[in-house]
Amino acid sequence: MTLRTGTVERRPRPPSPEFIGGVSAVAIILLITAVALGVGPGRGSPTTPGGGGSAAPSQAVATAEPTPTPPVDPAVVRLLRSLNDRLEANADALQAELDRSRFRADAVQSIVRQVNTFAPNGSEAVKALGGALGKDEPGGKLAALYLAMADSASKTLNASVNNNPEAYRLGAVRLVALIRQLPELQKELDVLAVPPTPGPSRASPSPSPTPTPTATPVPTPTPTAAPTGSPASSPTETMPVATGPEQVANGGFEEGVGQPWQLFLGPSAAATLAADKADAGAGTSSARIDITTGSPAYAGISLRQAGLSLEAGQQYALTVSMRSTAVRDVRVRVASSGGAQYFGRVVSVTPQWSTQTFVFTASVGDPAAVLELDVGRAEATTWFDGVSFRPVGS
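What counts and how
Residues numbered from 1 in each chain as written. Predicted model: local features only at pLDDT ≥ 70, side-chain atom pairs only at ≥ 80, totals over all residues. Heavy atoms only, no water. Buried < 20%, exposed > 50% of the residue type's maximum accessible area, 1.4 Å probe, protein only. Helix = DSSP H or I, 4+ residues; strand = E, 2+ residues; numbered from the N terminus. Arc of directions from axis to C-beta. Contact = heavy atoms within 4.5 Å. Pairing = 2+ DSSP bridges. Expected span 1.5 Å × (residues − 1). Salt bridge = Lys/Arg side-chain N within 4 Å of Asp/Glu carboxyl O.

Visitor: Sorry, what's going on with helix 6 (residues 182–192) here?
Guide: Note that an α-helix has 3.6 residues per turn; residues three or four places apart therefore point the same way. All of the buried residues along helix 6 are Leu182, Pro183, Leu185, Gln186 and Leu189. Along the axis of helix 6, the buried residues cluster in a sector spanning 160°; they form a single face. In helix 6, the exposed residues that point more than 90 degrees away from the buried face are Glu184 and Val191. Elements in contact with the buried residues of helix 6: helix 2 (74–98), helix 4 (138–157) and helix 5 (165–179).

Written as structure tokens, this is what we have:
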């Protein structure tokens, strides 16, 4: 009997959540090292005033005031915000697993491993804050919270997935509860990262000037108009221009709020999605989400559109206009269909329309990424309009 042999073509597997978490961990460690060495923003040497001729005795000499510095290092606060966004995404993924009718301990194990990677990195990053590290201060509370997360994750991973799935369920519940404490502490750090307003400069006392004869007023010359065609210009910082094709369909909701838009509701959450032509941010219509029963998770109430295409290393610009009946937080997120986060940012939304643009670089490729506008954790009615997702420089 003749046996046929042949080669089977293997498709490359997408990177696992553990691999993505490991890469993120390396990046975080590098950032921590940079801040510790003093090469991050806000850690340069003070500027020495330049030398010059002696001032005349009758002139007041201004006393140089030191540049105000915030109580904590803003670069570290930004790093912690990025890390906490990832941990909150892990909490949402854990909550989604807990809400399933059939508990999947192996899926929970994968998420807990990511938490077990990120939490120790947070403990190291907090040390570089430079302030507010007391037991009852935001930095100290955050350090204790990271340690509690790492301890809970380690204990959960020590249990057998097959023989003790209940340990993974309890571990997931504990981790979700711990991670939900991050946003309030992050807000406190954000406030501390703002430099205090500098006071007015003080002038050193100077000897009384010798009286001098009053000078005869001299007519002020009429200024000559600048030549046409040579206006003065001042440099301004501009956002990268998104020139690639638009990937969001019906981002202005002019065609209603049906497909490809979907309103996702978690367990016990209740909300409705409607097109609102009475209050549009742009055009003639917007999407309005009325929340009857809230959710403890950001993703528990979420307006989503799937089908975004990401290319590894490509920069993208995400724009969205938002408003709400009361000040609240909204999480803007781009994730995989399985919940792995590629980009996430929690922003404050007010009763006035505001447009925000976020620029990020995709770390991996994904032809079926999901855009999420998450409005859980608050019950204020929220509007969206002008949603856009485009590559930058394409």
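Visitor: Can you help me understand the pairing of strand 9 (residues 366–374) in this one?
Guide: Successive residues of a regular strand alternate their side chains across the two faces of the sheet. Within strand 9, seven of the nine residues are buried, which leaves the element mostly enclosed by the surrounding structure. By the bridge criterion, five bridges tie strand 6 (residues 328–335) to strand 9 in an arrangement that is antiparallel. When the sheet's bridge partners are listed, Ala335 is paired in strand 9 with Val370.

Visitor: Just checking my understanding: could you explain helix 4 for this structure?
Guide: Here helix 4 spans 28 Å end to end across 20 residues, near enough to the 28 Å set by a 1.5 Å rise per residue. Of all the residues in helix 4, the buried ones are Pro138, Gly139, Gly140, Leu142, Leu145, Tyr146, Met149, Ala150, Ser152, Ala153 and Thr156. If you follow the buried residues of helix 4, they end up packed against helix 2, helix 3 (105–127), helix 5 and helix 6.

Visitor: Looking at this structure, how should I read the pattern of salt bridges?
Guide: Evaluation of the coordinates by the stated rule reveals 17 salt bridges. Close ionic contact of Arg377 with Glu88 constitutes a salt bridge, the shortest N to O distance being 3.2 Å. Of this pair, Arg377 sits in the loop between strand 9 and strand 10 (382–391) while Glu88 sits in helix 2, placing them 289 residues apart in sequence. The partly exposed category is assigned to Arg377, whose relative accessible area is 31%. Overall, Glu88 belongs to the buried group, its relative accessible area being 5%. Its salt-bridge partner being Arg169, residue Glu166 comes within 3.7 Å of it at the nearest N-O pair. Residue Glu166 and its partner Arg169 are located together in helix 5, separated by three residues, close to a single helical turn. You can call Glu166 partly exposed: its relative accessible area is 42%.

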